[in-house]
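Observations on the three-dimensional arrangement
Here is what each chain is made of, one letter per residue.
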Amino acid sequence: MRVAVVTFDGFNELDSFIASALINRCRADGLEAFITTPTPVVTSMNGVPVTGQRPIEFVTEAEVVLIGSGVKTRDVVADDRLLSMLPLDPGRQLIGSQCSGALVLARLGLLGGMPVCTDRTSRPFVEAENVTVLDVPFHAQGNIATAGGCLASQYLATWVITRTLGESAARAVLDYVAPVGENDETVERALGVVHRGSGLTLR
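Let us look at the structure shown here.

Here is what the cut-offs are and how they apply
- Residues numbered from 1 in each chain as written.
- Predicted model: local features only at pLDDT ≥ 70, side-chain atom pairs only at ≥ 80, totals over all residues.
- Heavy atoms only, no water.
- Helix = DSSP H or I, 4+ residues; strand = E, 2+ residues; numbered from the N terminus.
- Rg over C-alpha atoms; globule rule 2.2 N^0.38 Å.
- Buried < 20%, exposed > 50% of the residue type's maximum accessible area, 1.4 Å probe, protein only.
- Contact = heavy atoms within 4.5 Å.
- Areas by Shrake-Rupley, 256 points an atom, 1.4 Å probe, with all protein chains shown as cover.
- Phe/Tyr/Trp six-rings, centres within 6.5 Å; stacked < 30°, edge-to-face > 60°.
- Lys NZ or Arg CZ within 6 Å of the ring centre and 35° of its normal.
- Pairing = 2+ DSSP bridges.
- Salt bridge = Lys/Arg side-chain N within 4 Å of Asp/Glu carboxyl O.
- Core = buried A, V, L, I, M, F, W, Y, C linked by side-chain atoms within 4.5 Å.
- Axes fitted to C-alpha atoms, helices over the stretch in contact; angles between N-to-C directions.
- Parallel < 35°, antiparallel > 145°, perpendicular 65-115°, else oblique.
- Left-handed = near helix turned anticlockwise from the far one by under 90°.
- Nonpolar A, V, L, I, M, F, W, Y, C, P; charged D, E, K, R; others polar.

This next bit is on the overall build of the protein. For the protein, the helix and strand inventory stands at eight helices and nine strands. Expected size for 203 residues packed as a compact globule is a radius of gyration near 17 Å; at 15 Å, the protein falls within 12% of this value. Reported as C-alpha extents along the three principal axes, the dimensions of the protein are approximately 45 × 35 × 35 Å. Looking at the protein residue by residue over its 203 residues, the buried ones come to 53%. For the protein, contacts bridging at least 24 residues in sequence account for 65% of all contacts bridging at least 6. Summing over all exposed atoms, the protein offers an accessible surface of approximately 9100 Å²; the carbon and sulfur share of this is 51%.

Rendered as structure tokens:
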């Protein structure tokens, strides 16, 4: 199972790399994430150049697509050519957005009245698309999930791992990356957020 972490120019490092790093701890179980970019190299909001691992066309092949956030998301959604390169299908793909990535989902017409999570800066622009923004870090309906706040990317990754490999795999990843001495608290909080946000039955 392949995950496209869609990463545009001006991206937020936390959004793309936290989700990618957590998911890639499941490579041995057949789940792998790739930084997916519209150009060979993109530069982060803090000036860090990153070479994409997969071209944007990879989104049509991936079983999971996560739309990252960044300072140029409004430029992205104003670019019809770029949006046309994102023919996402929630009928066969898990689709998630991080922070301003919710604006991309809205412009693609994927939300269908679904409320979303986003960051405080992006909120007015998402609401201008007649989308309801929730005051929670994570929300999912069916095969679409949204997360709000940079560190909420851990919840998006937890949702992906839980949906594809099950809760035990998510627990193992979260336990490994948790701050020392906060393992149980970290695992239960992340799984609890995903459970409340999506109605998943955790075992």
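This part covers the packing of aromatic side chains. Counting across every chain of the model gives three aromatic pairs. A centroid spacing of 5.7 Å and a plane angle of 80 degrees characterise the contact between F11 and F17, whose relative ring orientation is edge-to-face. Aromatic side chains F34 and F58 sit 5.6 Å apart centroid to centroid with 80 degrees between the ring planes, which places their arrangement in the edge-to-face category. Remark: F58 occurs in the loop between β5 (54-55) and β6 (64-67) and F34 occurs in strand β2 (residues 32-37); sequence separation between them is 24 residues. Taking NZ or CZ as reference, R54 lies 3.9 Å from the ring centre of F34, over its face.

With that out of the way, let us pick up the sheet that holds β5. Taking strand neighbours across the sheet as the criterion, the seven strands line up as β5-β2-β1-β6-β7-β9-β8 in an open arrangement whose pairing is mixed. The open sheet is flanked by β5 and β8 (138-141), the only strands paired with a single partner. Looking at chain direction, strand β7 (residues 94-98) and strand β9 (residues 144-147) are connected through four bridges and run parallel. Among the inter-strand pairings, G96 is bridged to a residue of β9, identified as A145.

The next subject is the pattern of salt bridges. Under the definition given, this model contains eleven salt bridges. As a salt-bridge pair, D9 and K72 come within 2.8 Å of each other at their nearest N and O atoms. A residue pair is termed long-range when its members are at least 10 positions apart, and D9 in the loop between β1 (2-6) and α1 (13-23) and K72 in the loop between β6 and α2 (73-77) qualify at 63 residues. Residue D9 is classed as partly exposed on the basis of its relative accessible area, which comes to 32%. Judged by relative accessible area, K72 falls into the partly exposed class, the value being 34%. Put simply, E32 and R27 hold a salt bridge, and the shortest N to O gap is 3.2 Å. Judged by relative accessible area, which is 29%, E32 ranks as partly exposed.

The subject of this paragraph is the nonpolar core. Within the largest apolar cluster, 32 residues are counted, with the highest numbers of intra-cluster contacts made by V3, I23, L66, F138, W159, V160 and I161. Contact partners of V160, with chain neighbours within four places excluded, come to V3, I23, L31, V64 and L66. Counting residues in hydrophobic clusters, the runner-up holds 31 residues, among them V6, F8, V65 and V77.

One non-glycine residue with positive phi stands out, namely C99, at about 50 degrees. Looking at the secondary structure, you find C99 in the loop between β7 and α4 (101-107). Of note in the backbone geometry, N130 takes a positive phi value of approximately 60 degrees without being a glycine. Accessibility expressed as a relative area gives 75% for N130, which makes it exposed.

Moving on, we come to the pairing of β8. As defined by bridge partners, β8 adjoins β9 across four bridges and the pair is classed as antiparallel. When the bridges of β9 are listed, H139 appears paired with T146.

Another point: the environment of S153. For S153, the position within the fold is in helix α6 (residues 153-165). Ignoring any residue separated from it by four or fewer positions in sequence, one finds S153 in contact with L14, D15, I18, A19 and Q98.

It is the contact of helix α7 (residues 167-177) with helix α8 (residues 183-198), at a shortest axis distance of 9 Å, that shows an interaxial angle of 135 degrees. One element, α7, and the other, α8, form an angle in the oblique class. Here the hand of the crossing between α7 and α8 comes out right-handed. The residues of α8 that touch α7, namely those facing E167, A170, R171, L174 and D175, are N183, T186, V187, E188, A190 and L191. Here the residues of the contact of α7 with α8 are counted per class, giving five nonpolar, two polar and four charged.

Purely geometric numbers; function is a separate question.
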